[in-house]
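Coordinates in review
Listed below, chain by chain, are the residues.
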Amino acid sequence: KEVQMIAKLEGIILRDEEIEAWKKAVDRLHPQAMPSMRQDFLAKRYSEVDLFSKTMIDLAKKHNVKVPLNTMLYEKVITIEKTYKKGQ
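Report on the accompanying structure. Just so it is clear, the model here is predicted, and its values are computed rather than measured. (Residues numbered from 1 in each chain as written. Predicted model: local features only at pLDDT ≥ 70, side-chain atom pairs only at ≥ 80, totals over all residues. Heavy atoms only, no water.)

1. Comments concerning the environment of T79
As for its placement among the helices and strands, T79 is situated in helix α5 (residues 68-81). One polar contact links the side chain of T79 to the main-chain carbonyl oxygen of E75, over a distance of 2.7 Å. (Helix = DSSP H or I, 4+ residues; strand = E, 2+ residues; numbered from the N terminus. Polar contact = N/O pair within 3.5 Å; in protein donor to acceptor, adjacent residues only side chain to side chain.)

This is the structure in structure tokens:
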């Protein structure tokens, strides 16, 4: 819903039906499938969190709204990535 709100503020209509379609697509994935971000964590690779959550945080600031879920997820991922040793 945070993404939907920011999209609307940016002039993009993201309908509930589109969100539901993506949720159904994710539900069809194999239960043992591992998202790329999880694979990055296991390999101690830096993720694309800036591309996703940080973009949402920046757009929220632009529109003077809050995105607490994206903020929390961003902070957790950054905290994990700070534990990586340089050169890994």
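Let's pick the thread back up.
2. A closer look at the packing of helix α1 (residues 2-9) against helix α4 (residues 49-62)
Closest axis-to-axis distance for the α1/α4 pair is 10 Å, and the angle between their directions is 50 degrees. Comparing the axis directions of α1 and α4 gives the class oblique. Classified by chirality, the crossing of α4 by α1 is left-handed. Contacts from E2, V3 and I6 in α1 reach M56, L59 and A60 in α4. (Axes fitted to C-alpha atoms, helices over the stretch in contact; angles between N-to-C directions. Parallel < 35°, antiparallel > 145°, perpendicular 65-115°, else oblique. Left-handed = near helix turned anticlockwise from the far one by under 90°. Contact = heavy atoms within 4.5 Å.)

3. Focus: α5
Across its 14 residues, α5 extends 20 Å between first and last C-alpha, which sits within 8% of the 20 Å expected from 1.5 Å per residue. Those residues of α5 that fall on the buried side of the exposure criterion are N70, Y74, V77 and E81. Angularly, the buried residues of α5 cover 70 degrees about the axis, an arc narrow enough to put them on a single face. Turned more than 90 degrees away from the buried face of α5, the exposed residues are P68, K76 and T79. Buried residues belonging to α5 abut α1, α3 (36-42) and α4. (Expected span 1.5 Å × (residues − 1). Buried < 20%, exposed > 50% of the residue type's maximum accessible area, 1.4 Å probe, protein only. Arc of directions from axis to C-beta.)

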